[in-house]
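Spelled out, the chains give:
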Amino acid sequence: IYEIVRKHGEEEMTRPTVSLWWSGVAAGLSISFSLLAQALLQMHLPNEPWRPLVSCLGYSVGFLMVVLARQQLFTENTITVVLPVMAERTRRNFANLFRMWSVVLLANMVGGVFAAGFCTYTPVIGPELREAMLSISRIMMENTWPQMFFKGISAGFLIAAMVWLIPSADGAQFHIILLMTYLIALGEFTHIVAGSVEAFILIASGEQTPWSVVSGFTVPVLLGNIVGGTALFALISYAQIMKEL
C-alpha cells in the first residue's frame, strides 16, 4: 500500500502546473455538491433527531465526484505527495511539494468561490434550498478557533485514511469514500475545501466578512487538516515501514 501511494504521489508531483490548476478548480466545483446534496436531504426530511444520520450522506456526494474522477483535492495531497518527500528529502522534492500544495489549494478555493457565487447570484436554486445551505454553513461557523483546528485534525486524518485504504479496496472504493466522508459530516469535523464553499456562501450572502472567514475558519482548519493528514497519518504510515525500505 505504501509503495502504491508513494508512486502515485511521485506521478502527481511531476504533473504540469496548468494541469494541477484546472484539476484543482474542477475539484473545488465538484466538492460544492457536498453542501448542495446535504441541504437537499435536510430540506426534504422531517425535523427529527435522526435527520442528521440521513442528511449527512449527502456530504459524500462531492467527495465521490472528486476522488473517483481523480481531481486534485488539497487534503488528499497531505499524504500522497508527502510520502515521496519522506523517502527522499531533497530540495527538489520539497519544492515540488510546496508547488503542489499552493497550486492545488488556491485552485480549490477558486472553484469554491465560483460555486458559491453561482448558487447565490443566479436562479439555479430556490430560496428554500439556499436557506438550507446557509443553515448548514452557519452551524460550521459557530465553532471557535480551537474547535476549528482540532476538528480539522480529525477530518485530515480521515481523508488520509481514505487515501490509504483505496489501493486495497478493489471494487469497494465507492464504499470507502462514502464511509470516511460520512463520518466527517456526522462528526461535524472541518474540511478546508468543502468547508470553504460553506464559508464563501455566507460571505456572498453578507453574513460573514472575508477577514472573519480567513482568521476564524481558513487558518485553523488548514493547519488542522495538515496536522491530521501529514503530521499524524502520513508520518506514522511512513514510520511503520521506514526500516524495511
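Heads up: these notes are all about the structure in this document. Only a predicted model underlies this, so the values are computations on that prediction, with no experimental measurement involved.

What counts and what doesn't
- Residues numbered from 1 in each chain as written.
- Predicted model: local features only at pLDDT ≥ 70, side-chain atom pairs only at ≥ 80, totals over all residues.
- Heavy atoms only, no water.
- Helix = DSSP H or I, 4+ residues; strand = E, 2+ residues; numbered from the N terminus.
- Rg over C-alpha atoms; globule rule 2.2 N^0.38 Å.
- Buried < 20%, exposed > 50% of the residue type's maximum accessible area, 1.4 Å probe, protein only.
- Contact = heavy atoms within 4.5 Å.
- Areas by Shrake-Rupley, 256 points an atom, 1.4 Å probe, with all protein chains shown as cover.
- Salt bridge = Lys/Arg side-chain N within 4 Å of Asp/Glu carboxyl O.
- Core = buried A, V, L, I, M, F, W, Y, C linked by side-chain atoms within 4.5 Å.
- Phe/Tyr/Trp six-rings, centres within 6.5 Å; stacked < 30°, edge-to-face > 60°.

Time to look at the overall build of the protein chain. What the protein chain contains, in helices and strands, is 12 helices and 0 strands. Each helix and strand of the protein chain, placed in order from N terminus to C terminus, yields the pattern α-α-α-α-α-α-α-α-α-α-α-α. Computed over the C-alpha atoms, the radius of gyration of the protein chain is 18 Å, within 12% of the 18 Å expected from 2.2 N^0.38 for a compact globule of 245 residues. Of all 245 residues assigned to the protein chain, the portion counted as buried reaches 52%. Residue pairs in contact within the protein chain that sit at least 24 positions apart in sequence constitute 81% of those at least 6 positions apart. Total accessible area computed for the protein chain in this model is approximately 11300 Å², and 68% of it derives from carbon and sulfur atoms.

Moving on, we get to the pattern of salt bridges. Two side chains that carry opposite charge are able to pair once their charged atoms sit near each other. Within this structure, the stated rule accounts for 6 salt bridges. The salt bridge involving Arg15 is made with Glu12; its shortest N-O contact spans 3.6 Å. Residue classification places Glu12 among the buried positions, given a relative accessible area of 7%. In this structure, Glu207 engages Arg138 in a salt bridge whose closest nitrogen and oxygen atoms are separated by 2.8 Å. Taken as a pair, Glu207 in the loop between helix H11 (192–204) and helix H12 (210–241) and Arg138 in helix H8 (residues 127–141) lie far apart in primary sequence, 69 residues in all. Relative accessible area serves as the criterion here: at 36%, Glu207 is assigned to the partly exposed category.

What follows concerns the nonpolar core. Within the largest apolar cluster, 72 residues are counted, with the highest numbers of intra-cluster contacts made by Phe63, Phe74, Ile79, Met133, Met162, Ile192 and Phe217. Excluding residues within four positions of it along the chain, Ile192 makes contact with Phe74, Thr75, Leu105, Met109, Phe217, Thr218, Val221, Leu222 and Asn225.

According to the stated counting rule, one finds 5 aromatic pairs in the structure shown. Centre to centre, the rings of Tyr59 and Phe63 are 5.3 Å apart; their planes meet at 40°, and the pair counts as tilted. For Phe63, a relative accessible area of 0% puts it in the buried group. Each ring, one from Phe74 and one from Trp101, has its centre 5.7 Å from the other, and the planes form 65°; the classification is edge-to-face. Of the two residues, Phe74 is situated in helix H5 (residues 74–80) and Trp101 in helix H7 (residues 91–121); the sequence distance between them amounts to 27 residues. One aromatic cluster is present, built from ring pairs that chain together Trp145, Phe149 and Phe150.

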